[in-house]
Amino acid sequence: MNNTIAQRIYDFLKDFPPFSALKDDELMTICEHVKIGYYEIGDFIFEKDEGLHDAFYVVKDGAVGIFREGDILVDECDEGDIFGLRALIRQSAYRLSAKAIEESIVYAITSDLLEKYITSNVDASKFIMASFASNSLTPHLNADQVRLYSLEGEFSNQTDHLVYIQNVVFAKSPVSCIESTHIESAAVTMTEKKVGSIIITRDNRPKGIITDKDLRTKIATGKFAISDKVTAIMSAPVITVPKNISIAEAQITMLRNKITHLCITKEGTMDSELVGVLSEHDLVVTQSNNPSFLIKEVKRALTAEKLRDVRQKAQELMHRYLVQHIPVSFVSKIISAINEAINQKVVELSLEEMKKQPPVRFAWLALGSQGRGEQLLLTDQDNALVFADVAPGDYEETKAYFLELARLVTEKLNMVGFEFCPAQMMASNPKWCLSITEWKNQFTDWITHPDEDKIMLSTIFFDYERVYGDSNLVDQMSEGIFHAIDRYSIFLNFLALNAIKNPPPLSFFRQFLVEHSGEHKDLFDIKARAMMPLVDAARVLILSQNVKDHNNTIKRFEKLSEIEPQNKALYSACIDAFKILLRFRTVEGLSANGSGRFIDLKSLSKSNRLKLKGCFGSIKDVQELIRVRFNLAQLM
C-alpha cells in the first residue's frame, strides 16, 4: 500500500531545492522518514542556546521567524525555506531562536538523511552553501560560514565548456633569433620552420617579435631593406604572459593590446626565460567561439550598419557564454573589449567625415556602466568629450568642431544599438563637451557645492574611461577631481549618503520590494535596488582611498581588499553578490530582448530567488560600514 502522507510530502518537496536535485527514490526515502510539526503563533521550534536537535527544518505552510536576542527578527522563512541547518552542520547549540509568526506546518529531516542523501549530492550541496549565505544576517563575519555561492567559476561537465578556463596550449619550442640577425636570415628561418612569427631574444629573454605582417608591410613595400637587422622592423616591447595563462585571459590580453601573438615566459615577465609563443591561430583552434574575429570585423568595418552587425554577434556570443556558465567577470571583459573597439571605430569613422583634423588634442570618454566595463547589454549611451585649452579667441570655433564630431559619433552609436541618452548625458550636449579647464572647474563646483543633482552627476561622470584620444587630458581630469576632494573632503560624506539611500531591497518580512505603480508595477528593479548600491559603495570607498586607476566595481572591491585586509571578507562577499546580480540582469535582458533592469520575480525559481536574497546581506553590511566610516548619523 502506498504511503499517502509520504507521497504528499514528496509532491511538495520535489519542487524546492535542495530536494529537487535528488533522485526520485532518494527523495521518497527522505519523505517516508519526515516528522511533521504543527506550531501556533508564538510557538518556538527551537530557542537560542538550546541544545541541538538532530534535524533541520523545512516550512510547509505559514511562516517561521528567526530571532536574535531581544526578540529582534532577523529573517523570515516561508514556504519551502530551510532553517536550523547551520547549527546541525556546526554541531553546537543554537545561536538564534526560531518561532512561528503564523500558524505553521514544519517538516523535520534528520541529520542521517542530510548526510546520506543531500550533502553527498553535488547540486544539493551547492544549494546548502547558498542557504548559508542568504539566510545569514552577516554571512562574511563568521569564520564558520561560507561565501555566497554563485555560478561564477562553475561549468557544466562538458569538456568544450571547460576549455574556456583551461590553460592555453602553446608552441613550447618557439622559433627565435638574436638581435644581430639579418631580416633575410630570419625570413628564411620562418619559411623553413613554417611559422608566422619569430621572437628576437637576448640571453633567451624576449626583446621583440617579427610576424608575416611585418614582412609584408615593412619589407615588401620597400620601407626597409632585407639586409637590415631584425631590430629595424621588430615590434617591441613584446607582451609577455606566464605559461599557466587561461584561454580567456589570453584572449583578453590580445584584445586589449591589439596583437596576435603573446610570448610565454617562465615567470610571465620580459626579464624571464622564453619558453613558448602563443598565436591568435592557436586560440582559434582551441576555442571555436573566439571573439577575436569580431574585433577584426570591427577594424574592417566602414559603416555604422556593419558595426551594428558585429555588436549583434557579440550579443549572441555573450548568450552562448552565459548558457555555458562561463564566469560573468570574463564575459564582461570580452564584451567590454568589443564595445571599446566599436566606440573607437565610430570615432575614427566620424573623424574621417570631418572636413579637417582636430584643432587640438582631445579625448572621448565613456561614462557610467561602459566606463566601468560593466555594459553587457545594449543600454543607452553615456559619454563626454574633453579637449585641450585654447586661446579665448579660438574657443567658439574649437568647441563647434568637437560638438559636430560628437554629433556624428553619437548618431553612429545610436545606429549600432546604443540608444541616445534620454537625459542627454552625451558629448553632443554642450554641457558635456568641455575644455580641460572647464572640466576641472565643473568637478570643483560639484565637489565644493554639492546638492542632489550634482551628486547624481558625480556618480555618473566619476566613472569615466578613455576610449579614444589623449590620455594626458584624462589624467589631468582625474588629478583635478582628487585635488578638489582633498580640499573639500566633506564631499565624500555627501557621496556616502547617496551610497546608502537605497537600503537592502527586502521588506520587514523578507519580501522583495517591487515597483508599486507605473509601467513596471510589481516588477523588481535589479539595477536601482541591488546593483547600484554596490556600485555606489565601491566608488565612494575607493575615492576615499585616493585610488585613481580603478573604475570597475569588482576591481574596486578587489583593490579595497588589498588596502583594507581587515574588511576582505566583506568586500569578497560584495564581489560575489555583484557577479550574481550582473548575471541575473544580463540573462534577463537577453531573454526579454531589453535592458534586463526589471525582473518578474514570479518567473524565478526558488533557488534563484534565494540567490538574489543572498546578495542583499552584502549590501546591508557594506552600507553599514559606510555609515560608520563617514559618520553619517550626524548628517542624516
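In this report, the structure presented in the accompanying data block is examined. Nothing here was measured: the structure is a model prediction, and the numbers come from that model.

Procedures and definitions
- Residues numbered from 1 in each chain as written.
- Predicted model: local features only at pLDDT ≥ 70, side-chain atom pairs only at ≥ 80, totals over all residues.
- Heavy atoms only, no water.
- Helix = DSSP H or I, 4+ residues; strand = E, 2+ residues; numbered from the N terminus.
- Buried < 20%, exposed > 50% of the residue type's maximum accessible area, 1.4 Å probe, protein only.
- Contact = heavy atoms within 4.5 Å.
- Areas by Shrake-Rupley, 256 points an atom, 1.4 Å probe, with all protein chains shown as cover.
- 1 Å grid on protein atoms, 1.4 Å probe; cavity = no way out; pocket = protein on both sides within 12 Å on 5 of 7 lines; lining within 4 Å.
- Points joined across faces, edges and corners; volume = space filled by probe spheres on them.
- Nonpolar A, V, L, I, M, F, W, Y, C, P; charged D, E, K, R; others polar.
- Core = buried A, V, L, I, M, F, W, Y, C linked by side-chain atoms within 4.5 Å.
- Pairing = 2+ DSSP bridges.
- Axes fitted to C-alpha atoms, helices over the stretch in contact; angles between N-to-C directions.
- Polar contact = N/O pair within 3.5 Å; in protein donor to acceptor, adjacent residues only side chain to side chain.
- Parallel < 35°, antiparallel > 145°, perpendicular 65-115°, else oblique.
- Left-handed = near helix turned anticlockwise from the far one by under 90°.

**Concerning the overall build of the protein chain**
Then comes step 1: In terms of helices and strands, the protein chain carries 23 helices and 20 strands.
Then comes step 2: Taken across its 636 residues, the protein chain has 53% of its residues classed as buried.
Then comes step 3: Once local pairs closer than 6 in sequence are excluded, the contacts in the protein chain between residues at least 24 apart make up 71%.
Then comes step 4: For the protein chain, the accessible surface area stands at approximately 29000 Å², while carbon and sulfur atoms represent 50% of it.

**Side note on empty space enclosed by the protein**
Then comes step 1: Applying the stated criterion across every chain yields a total of 3 cavities of 30 Å³ or more.
Then comes step 2: The calculated volume of the second largest cavity comes to roughly 50 Å³.
Then comes step 3: Every residue lining the second largest cavity is listed: Asn343, Trp364, Leu365, Ala366, Gln370, Gln375, Gln381, Asp382, Asn383, Leu413, Phe418 and Val467.
Then comes step 4: Sorting elements by how many residues they give to the lining of the second largest cavity places strand β15 (residues 362-366) first, with 3 residues.
Then comes step 5: Of the residues belonging to the lining of the second largest cavity, the class tally is 6 nonpolar, 5 polar and 1 charged.

**Some details on the nonpolar core**
Then comes step 1: One finds Phe461 and Ile626 to be the most contacted residues of the largest nonpolar core, which totals 123 residues.
Then comes step 2: Counting residues per element, this core draws most heavily on helix α13 (residues 328-353), which supplies 13 residues.
Then comes step 3: The next biggest cluster of nonpolar side chains, apart from the first, holds 24 residues, and it includes Ala6, Ile30, Ile82 and Leu113.

**Here we look at the environment of Ile89**
Then comes step 1: Following the sequence through the fold, Ile89 ends up in helix α3 (residues 85-90).
Then comes step 2: When the C-alpha positions of Ile89 and Phe56 are compared, they lie 9.5 Å apart, and in sequence the two are 33 residues distant.

**Topic: the sheet that holds strand β13 (residues 261-265)**
Then comes step 1: Strand order in this open sheet of 3 strands is β12-β13-β14, and the pairing throughout is mixed. Across the chains shown, the open sheet's two edge strands, defined by having one partner strand only, are β12 (240-242) and β14 (274-279). If you compare each strand with its neighbour and ignore which way they point, the axes differ by 35° on average.
Then comes step 2: Here β13 runs beside β14; their pairing, made up of 5 bridges, is antiparallel. Within β14, the residue paired with Leu262 across the bridge is Leu278.

**Concerning the sheet that holds strand β7 (residues 97-100)**
Then comes step 1: Ordered in space as β2-β7-β4-β5, the 4 strands form an open sheet in which the pairing is antiparallel. Only two strands of the sheet have a single partner each, and these edge strands are β2 (44-46) and β5 (72-77). In this sheet, adjacent strand axes meet at a mean angle of 30° when their direction is disregarded.
Then comes step 2: As judged from the 5 bridges shared by strand β4 (residues 64-68) and β5, these two strands associate in the antiparallel manner. Within β5, the residue paired with Gly65 across the bridge is Glu76.

**Points about helix α17 (residues 452-461)**
Then comes step 1: Of all 10 residues making up α17, 7 are buried, and the element is well covered by its neighbours.
Then comes step 2: Of the residues making up α17, those classed as buried are Lys454, Ile455, Leu457, Ser458, Thr459, Ile460 and Phe461.
Then comes step 3: Capping the start of α17, Asp451 holds a side-chain oxygen 3.1 Å from the backbone nitrogen of Asp453, two or three residues further along.

**So, unusual backbone geometry**
Then comes step 1: Between Ala236 and the following residue, Pro237, the backbone shows a cis peptide bond with an omega angle of -5°.
Then comes step 2: Along the chain, Pro237 falls in the loop between α8 (212-219) and β12.
Then comes step 3: Of note, the phi angle at Lys194 is positive, near 55°, even though the residue is not glycine.
Then comes step 4: Within the element layout of this structure, Lys194 appears in the loop between α7 (183-193) and β10 (197-202).

**Overview of the packing of α7 against α8**
Then comes step 1: It is at 11 Å that the axes of α7 and α8 come closest, and there the two elements cross at 140°. Judged by the inter-axis angle, α7 sits oblique to α8. The two elements α7 and α8 cross, and the hand of that crossing is left-handed. The residues of α8 that touch α7, namely those facing Ile183, Ala187 and Met190, are Asp212, Leu215 and Ile219.

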